[in-house]
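# A closer look at the structure
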Amino acid sequence: MTQKARANGNETKPFRIIIHLDMDAFFAAVEQLDFPQYRGKPVIVGADPREGQGRGVVSTASYEARKFGIHSAMPISRAYRLCPNGIYVRPRGKRYSELSRQIMQILYDFSPGIEQVSIDEAFLDVTGCLKLLGDAPTIARNIKQRIRQETGLTASVGIASNKFIAKIASDLEKPNGLVIVEPGTEKAFLKDLPISKMWGIGKKTEPHIRKMGISTIGQLAEYDVKLLVKKLGKAGMHYWRLANGIDHRPVSAFGPAKSMSEERTFEYDIDDVDILKRKLFEIAEDLGCALRRKHIKGKTITLKIRLEDFSTFTRSHSTVDYTDSSSLIYSTGLSLFENFDRMGMKVRLIGIGMSNLSHPEAEQIGLFEEDDSTSKKLDHVIDMIQEKFGHKAITKATILRNKRNGK
Ligand code: TTP
Ligand code: MG
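Values in this document were obtained by computation on a predicted structure and should not be read as measured data. (Residues numbered from 1 in each chain as written. Chains lettered and ligands numbered in written order. Predicted model: local features only at pLDDT ≥ 70, side-chain atom pairs only at ≥ 80, totals over all residues. Heavy atoms only, no water.)

### So, the coordination of the magnesium ion (ligand 2)
How we decide: Note on donors: an N, O or S atom is included if it sits within 2.8 Å of the metal, or within 3.2 Å for Na, K and Ca, and water is never included, so sites can look incomplete. Irregular is the default label, applied whenever a site is not tetrahedral (four donors, all angles between 85 and 135 degrees) and neither square planar nor octahedral (four or six donors, opposite donors over 155 degrees apart, all other angles between 65 and 115). Going along the chain from the N terminus, every DSSP run of H or I of four or more residues is numbered as a helix, and every run of E of two or more is numbered as a strand. Think of it in three bands: with a 1.4 Å probe and only protein chains considered, a residue is buried below 20% of the maximum accessible area for its type, exposed above 50%, and partly exposed in between.
All of the protein donors around the magnesium ion (ligand 2) are Asp22 (OD), Met23 (O) and Asp120 (OD); their distances to the metal are 2.0 to 2.2 Å. What the six donor atoms of the magnesium ion (ligand 2) show is an angle range of 80 to 178° at the metal, which sorts the shape as octahedral. Read from N- to C-terminus, the donor residues coordinating the magnesium ion (ligand 2) fall into the pattern D-M-x96-D. Taken together, the residues span a long stretch of sequence, with aspartate 22 in strand E1 (residues 18-23) and aspartate 120 in the loop between strand E5 (114-118) and strand E6 (121-125) at a distance of 98 residues. Of the two residues, aspartate 22 and aspartate 120, both sit in the buried class.

Have a look at this one:
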């Protein structure tokens with residue numbers, strides 16, 4: 001199969017069956033599981049509401065609480081005003097991770113082709129498992145049943161010929177949903193859905209697209225693709241292909257690494273900016289080193305931050321050229337960090353990821369290669385010494401200075 005983009009909308013592709021699974025109101029459902037007195041009640045997991053004066057946000061809300069208009073990322077004070085009699089609880093990350101691992105383990109019994117996308121969500125490529133396990137709806141029902149029996153939780157599942165459609169399908173009949181999109185019906189399935197359902201179209205892009213007179217995925221599919229590319233750049237082609245039901249992205253357990261990342265979860269939530277900066281510096285060093293060791297470079301640097309209430313955010317920036325430079329990774333990560341509003345909350349986890357990867361043969365010779373050469377040489381020397389004498393043998397002065405200051 002050729003993975004190259006052809007913009008005629010009729011390209012042939014191998015037949016695949018992809019399942020997308022997403023747990024229902026995950027954190028809140030776990031609370032209702034462990035505390036039976038919460039069942040059937042509005043449960044809000046997140047920051048402390050302190051009689052409506054609390055800072056921070058909602059991590060998630062049970063479906064009973066959603067009837068009051070409460071949703072993830074809403075300020076907790078607002079949630080409290082909407083539902084003062086709700087049950088407000090702090091997140092219990094360890095417990096959620098434990099159940100997440102158990103759920104993913106169940107999925108591995110059905111297919112080795114699993115891509116876990118978040119704590120409660122995964123894609124499975126079951127194309128090769130049909131003979132063994134039955135048709136896709138049977139597999140999906142069995143997965144849901146095993147999760148229910150072994151954990152007591154419900155999941156929603158979408159089945160389709162690609163990831164994009166499967167992801168949309170799993171969301172359509174939540175909670176406890178099972179939506180099957182038969183091959184050949186992809187475009188009809190997408191046609192009347194609002195563009196807000198499109199994976200990847202964020203709050204910034206959506207108004208832009210709406211201004212172009214596009215409000216449904218069907219309208220996007222019918223839009224002049226050349227004009228779309230002119231207005232939205234490369235992303236325009238990507239969206240147009242998705243809107244036409246074309247998505248060849250593999251479930252990445254089968255494909256090469258799409259990103260590399262380093263992150264640190266802290267024992268205690270951290271507020272001190274200097275400590276956080278130093279952690280970022282260490283992460284950038286480790287990530288740069290890992291990239292150089294594998295001879296991989298990347299263009300998109302993503303900062304990941306998890307706050308004390310478990311809300312998790314990412315902020316990305318793409319560099320002009322492919323890079324594996326620790327100092328460029330650090331300076332980019334730092335500027336993303338400095339522009340991020342923590343809403344007064346402490347940080348529980350911080351990390352940096354590199355995506356949009358290239359292998360050496362695809363590397364472009366950068367415009368700024370010359371200016372970069374000193375830090376490149378320094379990176380190289382550090383890598384060599386660390387390789388020979390171990391990771392702790394050498395470190396840049398910034399880390400050392402902070403260590404001496406006892407931070
Ligand atoms: P989601 O799957 O987005 O949400 P959900 O499982 O709570 O509800 P749904 O039935 O709609 O899938 O996220 C999974 C968990 O991740 C969620 O239970 C809590 C956490 N989370 C946050 O902490 N902050 C957020 O902004 C979001 C979206 C999720
Ligand atoms: Mg979910």
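### Details of the site of ligand 1
Put simply, the test is: For this purpose, a residue is taken to be near a molecule or strand whenever a single non-hydrogen atom of the residue falls within 4 Å of it. Throughout this description, a polar contact denotes any pair of N or O atoms lying within 3.5 Å of each other; where both atoms belong to protein, one of them has to be capable of donating a hydrogen while the other can accept it, and for residues adjacent in sequence the pair is counted only when both atoms sit in side chains. What sets the accessible areas is the Shrake-Rupley method with a 1.4 Å probe; for residues, cover comes only from the shown protein chains. Gly is put with the polar residues, along with every residue not named as nonpolar or charged; the nonpolar set is Ala, Val, Leu, Ile, Met, Phe, Trp, Tyr, Cys and Pro, and the charged set is Asp, Glu, Lys and Arg.
Surrounding ligand 1, one finds 15 residues, the nearest of these being Asp22, Ala25, Thr60, Tyr63 and Arg66. Interatomic distance of 2.8 Å between a side-chain N/O atom of arginine 66 and an oxygen atom of ligand 1. For ligand 1, an oxygen atom lies 3.4 Å from a polar atom in the backbone of phenylalanine 310. Look at ligand 1: alone it shows 550 Å² of surface, and the protein chains cover 76% of it. Residue assignment for the shell around ligand 1 shows that the elements contributing at least two residues are E1, helix H1 (26-34), strand E3 (58-61) and helix H2 (63-66). A per-class count over the shell around ligand 1 returns six nonpolar, four polar and five charged.

### A short note on the packing of aromatic side chains
Selection criterion: Ring geometry is summarised as follows: Phe, Tyr and Trp rings, the Trp one being its six-membered ring, pair when their centres sit within 6.5 Å, and such pairs are stacked at plane angles under 30 degrees, edge-to-face over 60 and tilted between the two.
Applying the stated rule across the entire model yields eight aromatic pairs. Aromatic pair phenylalanine 27 and phenylalanine 310: ring centres 6.3 Å apart, planes at 85°, arrangement edge-to-face. You can see phenylalanine 27 sitting in helix H1 and its partner phenylalanine 310 sitting in the loop between strand E10 (297-307) and strand E11 (312-323), a full 283 residues away along the chain. Of the two residues examined, phenylalanine 27 and phenylalanine 310, each falls in the buried class.

Taken by themselves, the reported measurements are silent on function.
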